[in-house]
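Observations on chain architecture
Residues per chain are reported as follows:
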Amino acid sequence: MAIQEVRVPDIGDFKEVEIIEVLVKVGDSIHAEDSLITVESDKASMEIPSPLAGTVKELRVQQGDRVSKGSLILSVETVTNPAKPPPALTPNSGAAHLPSASSPPASMSVSPVAKRPSPQTVVDHEAFKKAYAPPSVRKFARELGVDLSRVAGSGRKQRITQEDVKGYIKDVMGLGLPSKNAATAHSGLGIPRMPEIDFSQWGEVETVRLNRINKLTGEFLHRNWLNVPHVTQFDQADITDLEAFRQALNLEQEKIKASKITPLVFIMKAVVAGLKAYPRFNTSLDPSGEMLIQKKYYHLGIAVDTPDGLVVPIIRDVDKKSLLQLSDDLKEVSTKARERRLKPADLQGGCFSISSLGGIGGTQFTPIINAPDVAILGVSKSSMQPIWNGKEFVPRLMLPLSLSYDHRVIDGADGARFTTFLAKMLEDIRRLLL
């Protein structure tokens, strides 16, 4: 055995070409003519094959590096006599047609009976030729009878990789296994990935990395949207009298230099009354989908806008607290959220969520359910509107409400009943005392 270096062979006039894919890793066993890296210029892409067989001992390049003739790619511990050098590389306007691996990697075991993913699959040879894939992937697809024109590419510029072909086979065979052809590995929906687009081709761009909260929130909301069948019920509440009462309370609060009361605390109280009147809104669906877990407590999640993104801390035992206590709780959790002092326990154990955009604007929106809750209330900005009272139009302060609910648990009639109930509670807050 001996350690031998593998370098970039003569690739014609191409110099300082970018590596867009590294096809092997340290420890891999490779055969002569197996592809090692894929390089791409502004005119062509091509794979660089190995001139010998053995085990990869050290990688000297990574994706994004630029290489030319003679650049060191890796070192190999040889096990057999080197095969004859591969034919010269001839780049063209697409992927160069180079020799590639003659068998799929060990991670993809394919038996003879499973070579074709479906007996109904007919390969469109013209479309196959036009598919954007390197030679090794084309050969791999031919061996398995996969029409590349049907495979969504997840590589750079929508380039089809070997993993994409494997994922396509799994999807077609109904194996329900995660693949790169699925937007989410856990849903089993087989949703095609969004294409990778080079936006810089149209003008100047800047890449900004998402912070941790953005990424976690995005993943969480994406999961909820895909797994929960959403329906949104819109309504509005006349809060003219409520607002007059609130302003009077705040004048008293101002005299004693106490916290002001926001409209949100009244909404929280109305929501708890709604959860008591319609207990199905205070449940969670068991993972089996066969049982409902009925909650006997009333903890509300309140969406808070922070410089880092959206967080939803929990206000506990809303049914047992006064308006003043809830105002203090809201102020406390909002401050902790913006100062990044929330603990994991502060974000867990909610029953129902409220997302209020009233301080910003807007008329209506469709909030995404904060699963495992089965509903969420969106609150938009109130506005004065002419309302017919049976004799004449009178100016009234109207508050838009948007209730999103899980249609597996709640039907449309109950959704409408819940928002109607909330509107009644807010129109006459004396009802909250009943």
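Residues numbered from 1 in each chain as written. Predicted model: local features only at pLDDT ≥ 70, side-chain atom pairs only at ≥ 80, totals over all residues. Heavy atoms only, no water.

**Brief notes about the nonpolar core**
Stated formally: Buried Ala, Val, Leu, Ile, Met, Phe, Trp, Tyr and Cys residues that are joined via side-chain atoms within 4.5 Å together make up what is termed a nonpolar core. Under the scheme applied here, a residue whose accessible area is under 20% of the maximum for its type counts as buried, over 50% as exposed, and between as partly exposed, the area being computed with a 1.4 Å probe on protein chains only. Every helix listed is a DSSP run of H or I at least four residues long, and every strand listed is a run of E at least two residues long, numbered separately from the N terminus. Contact between two residues is taken to exist if any of their heavy atoms lie within 4.5 Å; hydrogens are not considered.
Within the largest apolar cluster, 43 residues are counted, with the highest numbers of intra-cluster contacts made by Met268, Leu300, Phe352 and Ile354. Where this core is concerned, the elements lending two or more residues are α5 (240-255), α6 (263-277), β12 (300-302), α7 (323-338), β16 (352-356), β17 (375-379), β19 (393-406) and α8 (412-427). Here this core gets 10 residues from one element, more than from any other, and that element is α6. Apart from the residues within four sequence positions on either side, leucine 300 is in contact with Met268, Val271, Val272, Leu275, Pro313, Ile314, Ile315, Val318, Phe352 and Ile354. Among the nonpolar cores identified, the runner-up in size contains 20 residues, and Val8, Ile11, Val56 and Val61 belong to it.

**So, the pairing of β17**
In plain terms, the rule: Note on pairing: DSSP must find at least two bridges between two strands before they are called paired.
Across the five residues that make up β17, a large majority, five, are buried. On β17, burial covers both faces: Ala375, Leu377 and Val379 on one face and Ile376 and Gly378 on the other are all buried. Relative to β17, β16 is paired through four bridges, and the arrangement is parallel. Pairing of isoleucine 354 across the sheet is with leucine 377, part of β17.

**Notes on the sheet that holds strand β6 (residues 54-59)**
The strand order across the open sheet formed by four strands is β1-β8-β6-β3, and the pairing between neighbours is antiparallel. What marks the edges here is a single partner per strand, and that holds for β1 (2-7) and β3 (29-30). Relative to strand β8 (residues 72-78), β1 runs antiparallel, the two sharing six bridges. Counted as the bridge partner of valine 6 is leucine 74 from β8.

**Observations concerning a nonpolar patch on the surface**
Note the following rule: Distance thresholds for patches are 9 Å for like charges and 5 Å for nonpolar side chains (Val, Leu, Ile, Met, Phe, Trp, Tyr), applied to residues having over 30% relative accessible area and no salt bridge. Per-residue and other accessible areas follow the Shrake-Rupley method at a 1.4 Å probe size, with only the shown protein chains counted as cover for residues. The working definition used for a salt bridge is a side-chain nitrogen of Lys or Arg within 4 Å of a carboxyl oxygen of Asp or Glu.
A contiguous nonpolar patch, built from Ile197, Phe199, Trp202 and Val205 and spanning about 460 Å² of accessible area, is present on the exposed surface. Considering the arrangement of structural elements, one finds phenylalanine 199 in the loop between α3 (162-172) and α4 (212-227).

**Side note on α8**
Owing to its 3.6 residues per turn, the α-helix brings residues three or four apart onto one side. Cut-off, in case you're wondering: Given the number of residues in a helix, its expected span is that number minus one, multiplied by 1.5 Å. Think of it as the arc spanned by the lines of direction from the helix axis to the C-beta atoms.
Spanning 16 residues, α8 covers 23 Å between terminal C-alpha atoms, matching the ideal 22 Å at 1.5 Å per step. For α8, the complete set of buried residues consists of Gly415, Phe418, Thr419, Leu422, Ala423, Met425 and Leu426. What you see down the axis of α8 is that its buried residues fit within an arc of 165 degrees, all on one side. In this structure, the buried side of α8 is in contact with β9 (230-238), α5, α6, β16, β17 and β19.

**Remarks on the packing of α6 against α7**
Test applied: Only the stretch in contact is used when a helix axis is fitted, and all axes are lines through C-alpha atoms; the angle between N-to-C directions ranges over 0 to 180 degrees. Handedness of a crossing follows from how the near helix is turned relative to the far one, being left-handed for an anticlockwise turn of less than a right angle and right-handed for a clockwise one. Think of it as three bins: nonpolar holds Ala, Val, Leu, Ile, Met, Phe, Trp, Tyr, Cys and Pro, charged holds Asp, Glu, Lys and Arg, and polar takes everything else, Gly as well.
Following both chains from N to C, one finds α6 and α7 inclined at 115 degrees, their axes separated by 9 Å at the closest point. In this structure, the crossing between α6 and α7 has a hand that is right-handed. Packed against α6, whose contacting residues are Leu264, Val265, Phe266, Met268 and Lys269, the element α7 presents Leu323, Leu326, Ser327 and Leu330 at the interface. Of the residues assigned to the contact of α6 with α7, the class counts are seven nonpolar, one polar and one charged.

**With respect to unusual backbone geometry**
For the bond running from alanine 371 to proline 372, omega is 15 degrees, close enough to zero to count as cis. As for its placement among the helices and strands, proline 372 is situated in the loop between β16 and β17. With a phi angle near 55 degrees, lysine 257 is a residue other than glycine that sits in the positive phi range. Position of lysine 257 relative to the elements: it lies in the loop between α5 and α6.

**Some points on the pairing of strand β18 (residues 383-388)**
The pairing of β18 with β19 spans six bridges and is antiparallel. Its bridge partner being in β19, proline 386 is matched across the sheet by proline 395. Once β18 ends, the chain turns through four residues before running back antiparallel as β19, passing glycine 390 with a positive phi of about 105 degrees.

**Quick word on α5**
Compared with an ideal rise of 1.5 Å per residue, which puts 16 residues at 22 Å, α5 spans 24 Å between its outermost C-alpha atoms and is within 8% of the ideal. Buried within α5 are the following residues: Leu242, Glu243, Arg246, Leu249, Asn250 and Gln253. Seen along its axis, α5 keeps its buried residues to an arc of 125 degrees; they face one direction. In α5, those exposed residues whose orientation departs by more than 90 degrees from the buried face are Leu251 and Lys255. Following α5 by one or two positions, lysine 257 adopts a phi angle in the positive range, close to 55 degrees.

**Examining the packing of aromatic side chains**
Applied cut-off: Ring pairs are drawn from Phe, Tyr and Trp, using the six-membered ring of Trp, whenever the two centres fall within 6.5 Å, and their geometry is named by plane angle: stacked under 30 degrees, edge-to-face over 60, tilted for the rest.
Evaluated as defined, the whole model comprises seven aromatic pairs. Seen from their ring centres, phenylalanine 281 and phenylalanine 418 are 4.2 Å apart, and the 20 degrees between their planes marks the pair as stacked. In this pair, phenylalanine 281 sits in the loop between α6 and β10 (283-285) while phenylalanine 418 sits in helix α8, placing the two residues 137 residues apart along the sequence. Look at phenylalanine 418 and you get buried, because its relative accessible area is 0%.

**A closer look at the pattern of salt bridges**
Overall, the coordinates contain 15 salt bridges when judged by the stated rule. Between aspartate 28 and lysine 25 there is a salt bridge, with the nearest N and O atoms lying 3.2 Å from each other. Judged by its relative accessible area of 52%, lysine 25 falls in the exposed class. A single network of salt bridges, built from pairs that share partners, joins Asp238, Asp241 and Arg396.

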